[in-house]
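Given next are the chains, with one letter for each unit.
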Amino acid sequence: MREALVAAAFRLFLERGYEETTVDDIVALAGVGRRSFFRYFPSKEDVVFPDHERCLADMTAFLAASPADVEPVRRVCDAARLVLRMYAENPSFSVQRYRLTKRVPGLRAYELSVVWRYERALAAYLRDRFAGRPDGTLRADVIAAAVVAAHNNALRAWLRSDGVDDAGAAVDHALGYVQSAFGAGLPAPPPAPAVPDAEDVVVVVTRRDAPLWRVVQELESALGRA
């Protein structure tokens, strides 16, 4: 029933437009009553995003089940991949929804509210992990926002490709930036340039307009005295 309502809704959205389609139109095409529609979806907007509640619940459970010794930034990056999996399960539907939300400002606003709930779930987990640390809350909120921004950047690129590109590779690449910026176990920075020992330093003082042969001569003389 739920899938039938979603299918009917999107068929009408594509044929007539979102604003021109009513709940009565959707239930008539699906062959059910209005009460059946509202049993599954609180509003017409919710039928456009039928899987987000389940995905948010899965993400929350995933974070709650995190082992105590797991690296927290890696964990929230893995949690974000659950959202990608939801989109990748049905690429054609995801692309249709992306095109629809671009055309309907109200749906775009609704989508942003859903994204904010994902971000809050990530931040809540990180706040708990960083509790007691200096700037723990700030760090948690910044990392959660970075994870969502990186994930959505890659996700939108995949949707713009009509679901043809490798979504997993794109998201892994984007989340790699977050992991490298905030995660633990980063590669050691390159060694600083070697500073020459004081005994190996030779200073020659000469006139600015001195010919090169004179500078070389004075340098050789200084090295000879060393």
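Let us look at the structure shown here.

Each value, and the rule that gives it
- Residues numbered from 1 in each chain as written.
- Predicted model: local features only at pLDDT ≥ 70, side-chain atom pairs only at ≥ 80, totals over all residues.
- Heavy atoms only, no water.
- Helix = DSSP H or I, 4+ residues; strand = E, 2+ residues; numbered from the N terminus.
- Buried < 20%, exposed > 50% of the residue type's maximum accessible area, 1.4 Å probe, protein only.
- Contact = heavy atoms within 4.5 Å.
- Expected span 1.5 Å × (residues − 1).
- Arc of directions from axis to C-beta.
- Salt bridge = Lys/Arg side-chain N within 4 Å of Asp/Glu carboxyl O.
- Axes fitted to C-alpha atoms, helices over the stretch in contact; angles between N-to-C directions.
- Parallel < 35°, antiparallel > 145°, perpendicular 65-115°, else oblique.
- Left-handed = near helix turned anticlockwise from the far one by under 90°.
- Nonpolar A, V, L, I, M, F, W, Y, C, P; charged D, E, K, R; others polar.

### Considering the overall build of the protein
Then step 1. Assigned secondary structure in the protein consists of eleven helices and zero strands.
Then step 2. Written out in order from the N terminus, the α and β elements of the protein read α-α-α-α-α-α-α-α-α-α-α.
Then step 3. Residues counted as buried form 38% of the 226 residues belonging to the protein.
Then step 4. Intrachain contacts of the protein at a sequence separation of at least 6 include 65% that bridge at least 24 residues.

### Let's talk about unusual backbone geometry
Then step 1. Positive phi, normally seen in glycine, also occurs at Asp 135, with a value near 55°.
Then step 2. Here Asp 135 is to be found in the loop between helix H8 (105-129) and helix H9 (136-160).
Then step 3. Despite not being glycine, Asp 162 shows a phi value in the positive range, around 65°.
Then step 4. Along the chain, the position of Asp 162 falls in the loop between H9 and helix H10 (167-182).

### Some points on helix H5 (residues 52-64)
Then step 1. Taking 1.5 Å per residue, 13 residues should reach 18 Å; H5 reaches 18 Å between its end C-alpha atoms and fits that length.
Then step 2. Residues His 52, Cys 55, Leu 56, Met 59 and Leu 63 constitute the buried set of H5. Relative to the axis of H5, the buried residues are bounded by an arc of 100° and lie together on one face.
Then step 3. At its buried positions, H5 is contacted by helix H6 (72-89), helix H7 (91-103) and H8.

### As for the pattern of salt bridges
Then step 1. Applying the stated rule across the entire model yields 14 salt bridges.
Then step 2. Residue Asp 58 is joined to Arg 54 by a salt bridge in which the shortest nitrogen-to-oxygen separation is 3.6 Å. Taken together, the positions of Asp 58 and Arg 54, both in helix H5 and four residues apart, correspond to about one turn of that helix.
Then step 3. A salt bridge links Arg 127 to Asp 141, with the shortest nitrogen-to-oxygen separation between them at 2.8 Å. Within this pair, whereas Arg 127 is found in helix H8, its partner Asp 141 is found in helix H9, the two being separated by 14 residues in sequence.
Then step 4. With a relative accessible area of 36%, Arg 127 lands in the partly exposed category.

### With respect to the packing of H8 against H9
Then step 1. Where H8 contacts H9, the two axes come as close as 8 Å, and the packing angle between them is 135°. It follows that H8 is oblique to H9 by the angle criterion. Here the hand of the crossing between H8 and H9 comes out right-handed. Side by side, H8 and H9 meet where Arg 108, Val 115, Glu 119, Arg 120, Leu 122, Ala 123, Leu 126 and Arg 127 of the first sit next to Thr 137, Ala 140, Asp 141, Ile 143, Ala 144, Ala 145, Val 147, Val 148, Asn 152 and Arg 156 of the second.
Then step 2. Tallied by class, residues from the contact of H8 with H9 come to ten nonpolar, two polar and six charged.

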